[in-house]
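Observations on the model geometry
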2 protein chains.
Amino acid sequence: MRASRYLIATLKETPADAEIISHQLMLRAGMIRKLAAGLYTWLPLGLRTLRKVERIVREEMDKSGAQEVLMPAVQPAELWQESGRWTQYGGELLRLNDRHGRDFCFGPTHEEVITDLIRNELKSYKELPANFYQIQTKFRDERRPRFGVMRAREFIMKDAYSFHLDAESLDETYQVMHRTYCNIFDRLGLDYRPVQADSGAIGGNASHEFHVLAASGEDAIAFSTESDYAANIEKAEALAPAGERPAPTEPLREVATPEQKTIGDISDFLGVAPRRTVKTLVVRGEAGTDGEAGLVALVLRGDHTLNTIKAEKLPGVAEPLTLATDEEIRNAIGCAPGSLGPVNLPVPVIVDRSAAHLADFICGANRDGYHLTGVNWERDVPLARVEDLRNVVEGDPSPDGKGTLEIRRGIEVGHIFKLGKKYSEAMNATVLDEHGKSVVMEMGCYGIGVSRIVAASIEQNHDDRGIIWPDAIAPFEVAIVTLNAHKSAAVAEAGEKLYEQLRQAGFDVLLDDRNERPGVKFADMELIGIPHRLVVSDRGLAAGTLEYKGRRDTDKQDIPLEDALSFLIKVSPRKGL
Amino acid sequence: MRASRYLIATLKETPADAEIISHQLMLRAGMIRKLAAGLYTWLPLGLRTLRKVERIVREEMDKSGAQEVLMPAVQPAELWQESGRWTQYGGELLRLNDRHGRDFCFGPTHEEVITDLIRNELKSYKELPANFYQIQTKFRDERRPRFGVMRAREFIMKDAYSFHLDAESLDETYQVMHRTYCNIFDRLGLDYRPVQADSGAIGGNASHEFHVLAASGEDAIAFSTESDYAANIEKAEALAPAGERPAPTEPLREVATPEQKTIGDISDFLGVAPRRTVKTLVVRGEAGTDGEAGLVALVLRGDHTLNTIKAEKLPGVAEPLTLATDEEIRNAIGCAPGSLGPVNLPVPVIVDRSAAHLADFICGANRDGYHLTGVNWERDVPLARVEDLRNVVEGDPSPDGKGTLEIRRGIEVGHIFKLGKKYSEAMNATVLDEHGKSVVMEMGCYGIGVSRIVAASIEQNHDDRGIIWPDAIAPFEVAIVTLNAHKSAAVAEAGEKLYEQLRQAGFDVLLDDRNERPGVKFADMELIGIPHRLVVSDRGLAAGTLEYKGRRDTDKQDIPLEDALSFLIKVSPRKGL
């Protein structure tokens, strides 16, 4: 492509409403433009990258044996009523009426449509397993769309749905999809982690998220230093420290701690680390048969934080998790929240595994202005119920027993999920098995946020000059920058010749033949993030050389003009050309 | 692709609600399935063809220098209010509200969005001309969607929009697009005609439609036997017969024609051809300054039909065209409509060019039960106003003076259009010219119905066994049918080997390895329309041969097994492989 005939719509200023780096750079590099909140036009340069992502996703899905289909964006309400989601799905479902007043939605996902299709098309177990995918425009009416295409309302998604006679077959395809997703993200040149998105309590590894690691990620991920274990931090299991609980060594004592309310206060005041203290949080219990909800105390080590998702799933705890008010606490226990502790507490107590491992610890005395030191489980206070209540922290043992946990931030770009019979049962999607018996099919679903991947890649690959594309999804792999080509016929000619040579070798090349100053051209090519840059100048031609600079390089280098192609083949990942 | 792992969803029965052959065959061949009225899912087989059409359109658009973008399907109402179309566009515009109650539509077209984009991005004449296109999902809320994807509500369209400093530049790009469209439809293997869609009265060739010729087409097209002239029949200019009007030879006579009311009646009764008679239609005139609308008579040759679009555009004629009632005619003229004629008619008369060329003709006497014979213009009745009032018919002289007109039916699959400043003026889309003056841009727009092309190709290419695909857009180019492969290891192996050989040579191959009877496989491959079929059988292998049959062939032929590839290269259009 010649830049002089191409929309290079770079911006010098960072648009004010772009909060994250990928949104800023996609606007500045001229990849996208905002049409309305959460609605973006892909300019030519951005679309080139989007299409390359699409192609890689499509090729790997095809390789996996999945079959591509294309379902309508607009879906009739009847199917969503059948599955029950017409009422369950919240404001993110864009509902609409056609000219005859009939209810439709702009699909955010296609479980209902594919299940309806397959229950009509497939009749026999012989046709299973089958996996169908599409790469298609979806709409999710986010209350507050932001971050550019990262959380747009209209977006492009690859969604796949598999159908099976039994759970074993679903598991096989699930594993195939797991491998396929790894292949896709490998080819996309992304640093990513497959993450257990399920607590593991029911159904085993029934769901994995694929996260691109990036400091700006919305999710925190815990993963093992020594195994493949990775889980969303909200879902990672927190183990107790290894070994037996130490034996008591100190006597129980009550100490005056006037005005000391927080764990930090107490640690400083008594000169002990927060990890030697416990905090006691009082929450609403589950309502009993009489409709009355009592209170429940949750006890954690002072340096740990409560995991509300884990806590509210526990029997006896109200969901959603609700902290008791100061007044409720005073009425029930007789002190302020800052002086709570498990000893002689008149409400049921649930103790976190790590807190349960402490000896000689410190806690509130359930009396304003006093704490207890040298507290020991069983000796001073019964240890009736121990549960996993907290968020994991760096250095925790990995739940799979291998290594310890590290914590990084991630952007979710893929999700694979065992749906089981949720939709097939609701919509009566059956086949006949080998005995002629009607069987409700098992289903899996597998999503990739195609447009989101473009932004996630930028979050992971950029510097202060702009985007740094992996070769596989760069809008152009090579930029040829001609200097003063409008004055030097030799430069213009050498640039054209090189352009043709590289194109014919299969490279995507942008010839920057614009009548702009060298600094402008260099800055634009770096902002756009083209991996390889070749500069053609009169000075270089006199010496028979070009100047080469990789986008991540700090130094330029001169290469012989006639070696340009072989040099590029060497430095680009397409060595097999 | 192996058919055993692919959704071959052929149907034996023709679905009852499919009215036209392409709709029937797309359902029967398992290309599409209906989700709701005007909403179709593309099954794997159909999508393959759709994607091939897309690819050809994209390649040729890229070659033309147009730049691909992707605009949102959902568009904010504000832009449509700016252009004025929010209120002008009828029920086909699918209007919707987001969760905050703001107005949007599911775009049926993107003039407003692209004009908004370009007025923000392009600032200088130096950036012009520029042409942007997308291949994208659109929605048109047809009152009565039908004919499958031919007139669906959700459909895929290639729409392009060009921007120019002046009309000359627009004209150049318009010509480039005209050539590009011809290239596209040539590559698609379609028999098509570019058709003047404009009357030619204002702005010259400001609009062309591209029609695929097919008996089921909704539009009638007139085209010259000897030139490129082609026009929608409603818009083709009807010329008078060549030469001077013949001189009168008969005297004017009134004859009794009791009970004879239609042109057919009169012709039979008097024994003359309808072309020697005239018919007189009385319609409403334009309302005068007093608000009173008088009547106007339109006179055509008896064998011609009125072109209402031409008639209602004439000064003095009410738009929309409205026939006078029998009562109005009797009050004004004193007879029934069947006895009308131009002689002594008390309302203004407009005479069609061909009717004006008659001598010694027959018409009603404006008296019930009587007609006039030997009528001659000027001698018996003044010829005050002559206009083009009628539809052209086969054999008419071509308006460009070259040859005569033929009439065929067509399906509109493309449209190129000079928009001029319609949108750029309404939305103030300007650039600075070379003198620094702000200039409103000229615009062109260029559409192709991508999904409709699939159906149009079938309308043009089918027989009683099914679809006949051109190689370029066939879902698979070659079908390998193995006979009894489940019993014969030799057949299964030879089939696999051939499959791999042809695939590696670049052919799209479907290996029909299903455990079905030969008759079922043959019928399916013919229904699906695969251009080339190779049969592997024990009998053939014993003789070292395969059986070949082209989809349009009546006879099969045996070819040596080892010549399969070279044979296919010879018979397929991909000779250059």
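For the structure itself, look to the data block above.
In this report, the structure presented in the accompanying data block is examined. (Residues numbered from 1 in each chain as written. Chains lettered and ligands numbered in written order. Predicted model: local features only at pLDDT ≥ 70, side-chain atom pairs only at ≥ 80, totals over all residues. Heavy atoms only, no water.)

Notes on the environment of H100 of chain A
Position of H100 of chain A relative to the elements: it lies in the loop between β5 (94-97) and β6 (103-106). The class for H100 of chain A is partly exposed, based on a relative accessible area of 40%. When the C-alpha positions of H100 of chain A and G302 of chain A are compared, they lie 62 Å apart, and in sequence the two are 202 residues distant. Side-chain polar atoms of H100 of chain A contact the backbone oxygen of R143 of chain B, separated by 3.2 Å. (Helix = DSSP H or I, 4+ residues; strand = E, 2+ residues; numbered from the N terminus. Buried < 20%, exposed > 50% of the residue type's maximum accessible area, 1.4 Å probe, protein only. Polar contact = N/O pair within 3.5 Å; in protein donor to acceptor, adjacent residues only side chain to side chain.)

Quick look at the interface of chain B and chain A
The interface is formed by 53 residues belonging to chain B together with 53 residues belonging to chain A. Here chain B and chain A share an interface that buries about 4300 Å² over both sides, 61% of which is from carbon and sulfur atoms. Contact with chain A buries area across many residues of chain B, yet L35, L70 and R99 of chain B alone supply 17% of it, more than any other trio. There are six salt bridges connecting chain B and chain A. (Contact = heavy atoms within 4.5 Å. Buried area = accessible area lost by both parts, 1.4 Å probe. Salt bridge = Lys/Arg side-chain N within 4 Å of Asp/Glu carboxyl O.)

Here's the deal with empty space enclosed by the protein
Residues and elements named next belong to chain B. Under the defined criterion, the tally for this structure stands at two cavities of 30 Å³ or more. Within this model, the largest cavity holds a volume of roughly 80 Å³. Every residue along the wall of the largest cavity is listed here: A479, M525, E526, I530, P531, H532, R533, K549, G550 and R551. Every element with two or more residues in the lining of the largest cavity is listed here: α13 (518-528), β28 (532-536) and β29 (545-550). (1 Å grid on protein atoms, 1.4 Å probe; cavity = no way out; pocket = protein on both sides within 12 Å on 5 of 7 lines; lining within 4 Å. Points joined across faces, edges and corners; volume = space filled by probe spheres on them.)

A closer look at the pairing of strand β8 (residues 154-164) of chain B
All names here are of chain B. Of all the eleven residues making up β8, eleven are buried; the element is thus mostly covered by neighbouring parts of the structure. When strand β7 (residues 130-139) meets β8, the two strands line up antiparallel, connected through ten bridges. For Q136, the partnering residue across the bridge sits in β8 and is M157. In this structure, β8 lies alongside strand β23 (residues 442-449), joined through eight bridges in antiparallel fashion. From the neighbouring strand, M157 faces β23, where its bridge partner is G449. (Pairing = 2+ DSSP bridges.)

Side note on the packing of helix α1 (residues 21-28) of chain A against helix α11 (residues 450-460) of chain A
Residue and element names in this part refer to chain A. Running from N to C, α1 and α11 cross one another at 105°; their axes reach a closest spacing of 8 Å. Considering the angle they form, α1 stands roughly perpendicular to α11. Taken together, the residues of α11 that come into contact with α1 (itself represented by I21, S22, L25 and M26) are V454, A455, I458 and E459. Within the contact of α1 with α11, the residues separate by chemical class into six nonpolar, one polar and one charged. (Axes fitted to C-alpha atoms, helices over the stretch in contact; angles between N-to-C directions. Parallel < 35°, antiparallel > 145°, perpendicular 65-115°, else oblique. Nonpolar A, V, L, I, M, F, W, Y, C, P; charged D, E, K, R; others polar.)

Some thoughts on the packing of aromatic side chains
To describe a pair of aromatic rings, one takes the distance between the centres and the angle between the planes. The full count for this structure, using the stated rule, is 19 aromatic pairs over all chains. Here the aromatic rings of F106 of chain A and F106 of chain B are separated by 5.1 Å at their centres, their planes lie at 15°, and the arrangement is stacked. Of this pair, F106 of chain A sits in strand β6 while F106 of chain B sits in strand β6 (residues 103-106), each in a different chain. Seen in terms of ring centroids, F185 of chain A and Y192 of chain A are 5.5 Å apart; in terms of plane orientation they differ by 45°. Their pairing is tilted. Comparing F185 of chain A with Y192 of chain A, the two get one shared label, buried. Cluster of aromatic residues (ring-pair linked, three or more members): F106 and F139 of chain A together with F106 and F139 of chain B. The ring of W86 of chain A carries the charged tip of R95 of chain A above its face, separated from the ring centre by 5.0 Å. (Phe/Tyr/Trp six-rings, centres within 6.5 Å; stacked < 30°, edge-to-face > 60°. Lys NZ or Arg CZ within 6 Å of the ring centre and 35° of its normal.)

In short, shape yes, function no, at least from these values alone.
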